[in-house]
Amino acid sequence: MDSWQPSNPVERRFMLAHEDALAFAEQPLAKLFYWQANEDDLHLLNTYFQVQQENGCCTMQFTDDFTSGDKYAALIAQNIINFYDQRRDGSLAQGIEADWQVPEKENGTTETQYLLQIAHSLMQHHPDIFPGFLWVFSPGNLKSLSKTESWLDELLTETLSGEWASDRIRFVVYTMETDLFTKLSDSHPQAVYRVNGQYHCENVPREMIAESNERGDSGKFRRLFVELTETLKNNDPQRLENLSKAALAITNNARWFDQSVVVHLIGGAAYLKWQDKPRSLQAYGEALTSAEQAKEEGHPAGNKLIVNALFGICSVYYMNKEYDVAASYYDRIPEFSLADADYILTVEADRMRAECWDKAKSPANAFSAAFEGIDAGLNMEPELRKQSSLPILTHWLYKHIGLTNLRYGEMREKFALLYGDDWEQFVSLDPLKSSQEEEKRV
């Protein structure tokens, strides 16, 4: 293992990240590793810690949104308890005495102190399994940087000198934020270890292709595709056009219709970003034609390719406030998304159909689309519903349909199937406004 050497651009970057992690581990007084990285490099750190988690119980990653210190500490504590409970039966089957019990929380104990109490209890009960902890915080939404820093200050203080102080618990926070821990570093200069990770992951595709032995049309197309994706980050329409022509010359000649779709979709998105409506519509229209050809050829992703192209066309008309035309294209999507039993995309298409028909002053079509979206939602796995746009759709229908509407009773029945008898408390709240209000309160 010691003689192993990275053999490709991805492995080389993993090694660089691992070296930064080892540098933190070798600092005896460091408790908190503040790992700052840009958006591209953040994906590398995500994967790095996923691997660390899979290789042992001591590394735990928490991605819950940070709203306040108490709530975040309580969420982490519950995640740790759930982690143990979910593995209890499997551990018992392997002969491990998984009989740890959650310690009682005493009056006056803060959520942060209780979190550390749970950690100490686990380390004491299972010293072989939990000799220590590395808690990795990567909140999906920080919402309040000052409150995040304040809570981390509390956490550090407790682990350095509180009742549950320990040199076996360490923390990592990785984020794109560049000025998150100025005060924290001043308060705990030896405990906070900071690295500005620079791994240049944006160059990986080019390096992979440069090191690849792939030749012929496939190799040429991959090189062109990498350059095409880079045009989304700059404003060079002429370069986009030249690269698209070169890539399409290969895909059309080889009858790689699925790859032609991808090329056209990139063009459509770029022209839409540059507010060039005619070219964006042309690119998305050509994507649709290529997607239909792929489907005719029996490509397994034919329906999804058509759906993506149609969504692209819809976005152009929607952004230009041509809601009736956008609605007519959204109307075409469910035929193909339902053919793949893709209820998430179906619900989103139906939600946008309803909104567009409503803006186009066609309420009957709007309600019809909304009800079809709810039917798609009923076919969705319950745990996926909250992750889809179904809550937005059901709130829209609740706010728009009147008591005198002939379909009001049908709506109540479907909502009861979705959310239970207390459905009104779910659909009456706007999920978008609720999130914004929560952020303001925090």
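In the block above lies the structure referred to throughout.
A few points on the structure.

Calculation notes
Residues numbered from 1 in each chain as written. Predicted model: local features only at pLDDT ≥ 70, side-chain atom pairs only at ≥ 80, totals over all residues. Heavy atoms only, no water. Helix = DSSP H or I, 4+ residues; strand = E, 2+ residues; numbered from the N terminus. Buried < 20%, exposed > 50% of the residue type's maximum accessible area, 1.4 Å probe, protein only. Pairing = 2+ DSSP bridges. Salt bridge = Lys/Arg side-chain N within 4 Å of Asp/Glu carboxyl O. Axes fitted to C-alpha atoms, helices over the stretch in contact; angles between N-to-C directions. Contact = heavy atoms within 4.5 Å. Core = buried A, V, L, I, M, F, W, Y, C linked by side-chain atoms within 4.5 Å. Expected span 1.5 Å × (residues − 1). Polar contact = N/O pair within 3.5 Å; in protein donor to acceptor, adjacent residues only side chain to side chain. Phe/Tyr/Trp six-rings, centres within 6.5 Å; stacked < 30°, edge-to-face > 60°. Lys NZ or Arg CZ within 6 Å of the ring centre and 35° of its normal. Parallel < 35°, antiparallel > 145°, perpendicular 65-115°, else oblique. Left-handed = near helix turned anticlockwise from the far one by under 90°.

1. Section: unusual backbone geometry
Phi is positive for Gln 275, close to 60 degrees, though the residue is something other than glycine. In this structure, Gln 275 sits in the loop between α10 (257-273) and α11 (277-296). In this structure Gln 275 comes out as exposed when scored by relative accessible area, which is 72%. A positive phi angle, close to 55 degrees, is found at Ala 341, a residue other than glycine.

2. With respect to the pairing of strand β3 (residues 133-137)
Within β3, 4 of the 5 residues are buried, leaving the element largely enclosed by the surrounding structure. Both strand β2 (residues 59-62) and β3 contribute to a ladder of 4 bridges, which runs parallel. Note that in β3 the partner of Gln 61 across the bridge is Val 136. Bridging between β3 and strand β4 (residues 169-175) involves 5 bridges; their strand directions are parallel. By the bridge assignment for β4, Trp 135 is matched with Phe 171.

3. A word on the pattern of salt bridges
Side chains bearing opposite charge may pair, as long as their charged atoms lie close to each other. Tallied over the full model, the rule gives 15 salt bridges. Across the pair Arg 353 and Asp 350 runs a salt bridge, and its minimum N-O distance is 2.5 Å. Note that Arg 353 and Asp 350 are positioned in helix α15 (residues 343-359) at a spacing of 3 residues, about one turn of the helix.

4. Here we look at the sheet that holds β2
Pairing is parallel in the open sheet, where 5 strands are placed in the order β2-β3-β4-β1-β5. Only two strands of the sheet have a single neighbouring strand rather than two, namely β2 and β5 (192-196). The sheet shows a mean angle of 20 degrees between the axes of neighbouring strands, taken without regard to direction. Pairing of strand β1 (residues 32-36) with β4, which is carried by 5 bridges, proceeds in the parallel orientation. Bridge assignment links Phe 33 to a residue of β4, and that residue is Val 172. Sitting on the sheet, helix α4 (residues 111-125) touches β3 and β4, and the angle it makes with β3 is about 145 degrees. Set on the sheet, helix α5 (residues 145-161) makes contact with β1, β3, β4 and β5; between it and β4 the angle comes to about 160 degrees.

5. Re the nonpolar core
Ranked by internal contacts, the top residues of the largest apolar core, which has 51 residues, are Tyr 330, Ile 333, Trp 396, Leu 397, Ile 401, Met 411 and Phe 415. Element by element, the count of residues in this core is highest for helix α12 (residues 302-319), at 10 residues. If we ignore the near neighbours within four places in the chain, the residues touching Met 411 are Phe 371, Leu 397, Tyr 398, Ile 401 and Trp 423. Listed in part, the 36 residues of the second largest apolar core include Ile 118, Leu 122, Leu 155 and Phe 171.

6. Side note on α15
The terminal C-alpha atoms of α15 lie 24 Å apart, and with 17 residues this matches the ideal 24 Å at 1.5 Å per residue to within 8%. Looking only at α15, the buried set comprises Thr 346, Val 347, Ala 349, Asp 350, Arg 351, Met 352, Arg 353, Ala 354, Glu 355, Cys 356 and Trp 357. In this structure, the buried residues of α15 make contact with α12, α13 (323-330), α14 (333-339), α16 (363-378) and α18 (390-400). By the N-cap criterion, in which a side-chain oxygen at the helix start approaches the backbone nitrogen of a residue two or three places on, α15 is capped by Asp 342, the distance to Ile 344 being 3.4 Å.

7. Let's talk about the packing of aromatic side chains
Counted by the stated rule, this structure contains 29 aromatic pairs. For the pair Phe 137 and Phe 171, a centre-to-centre distance of 6.1 Å together with 15 degrees between the ring planes defines the contact as stacked. Taken together, the residues Phe 137 in strand β3 and Phe 171 in strand β4 connect sequence positions 34 residues apart. Its relative accessible area of 1% is what places Phe 171 among the buried residues. By the ring-pair criterion, three or more aromatic residues cluster together here, those being Phe 62, Phe 66, Tyr 72, Phe 130, Phe 133, Trp 135, Phe 137, Trp 151 and Phe 171. Above the plane of the ring of Tyr 323 lies Lys 359, whose end atom (NZ or CZ) is 5.4 Å from the centre. One Lys or Arg, Arg 407, reaches over the ring of Phe 371 and ends 4.0 Å from the middle of that ring.

8. Some thoughts on the side chain of Ser 91
By the secondary structure assignment, Ser 91 is in helix α3 (residues 69-93). When near neighbours in sequence (up to four residues on either side) are disregarded, Ser 91 contacts Ile 96 and Ala 98.

9. Here's the deal with the environment of Pro 237
Within the secondary structure, Pro 237 sits in helix α9 (residues 237-254). Taking the relative accessible area as the measure of exposure, Pro 237 reaches 33% and is therefore partly exposed. As for Pro 237 and Trp 274, which are separated by 37 residues in sequence, their C-alpha atoms are 8.7 Å apart. Contacts of Pro 237, omitting those with residues within four sequence positions, involve Tyr 271, Trp 274 and Arg 279.

10. Examining the packing of α18 against helix α19 (residues 408-419)
α19 packs onto α18 with a crossing angle of 155 degrees between their chain directions and a minimal axis gap of 12 Å. On the basis of the axis angle, α18 is roughly antiparallel to α19. Regarding α18 and α19, the two cross each other, and that crossing is left-handed. Across from Leu 390, Pro 391, Thr 394, Leu 397 and Tyr 398 in α18, the residues of α19 making contact are Met 411, Phe 415, Leu 418 and Tyr 419.

11. Quick word on the side chain of Gln 117
Tracing the backbone shows Gln 117 in helix α4. Apart from residues lying up to four places away in sequence, Gln 117 is in contact with Pro 103, Glu 104 and Trp 164.

12. Focus on the environment of Gln 259
Note that Gln 259 resides in helix α10. For Gln 259, a relative accessible area of 26% corresponds to the partly exposed category. Distance in space between the C-alpha atoms of Gln 259 and Ala 287 is 9.6 Å, their sequence separation being 28 residues. With sequence-adjacent residues up to four places away left out, Gln 259 is seen in contact with Phe 221 and Thr 251.

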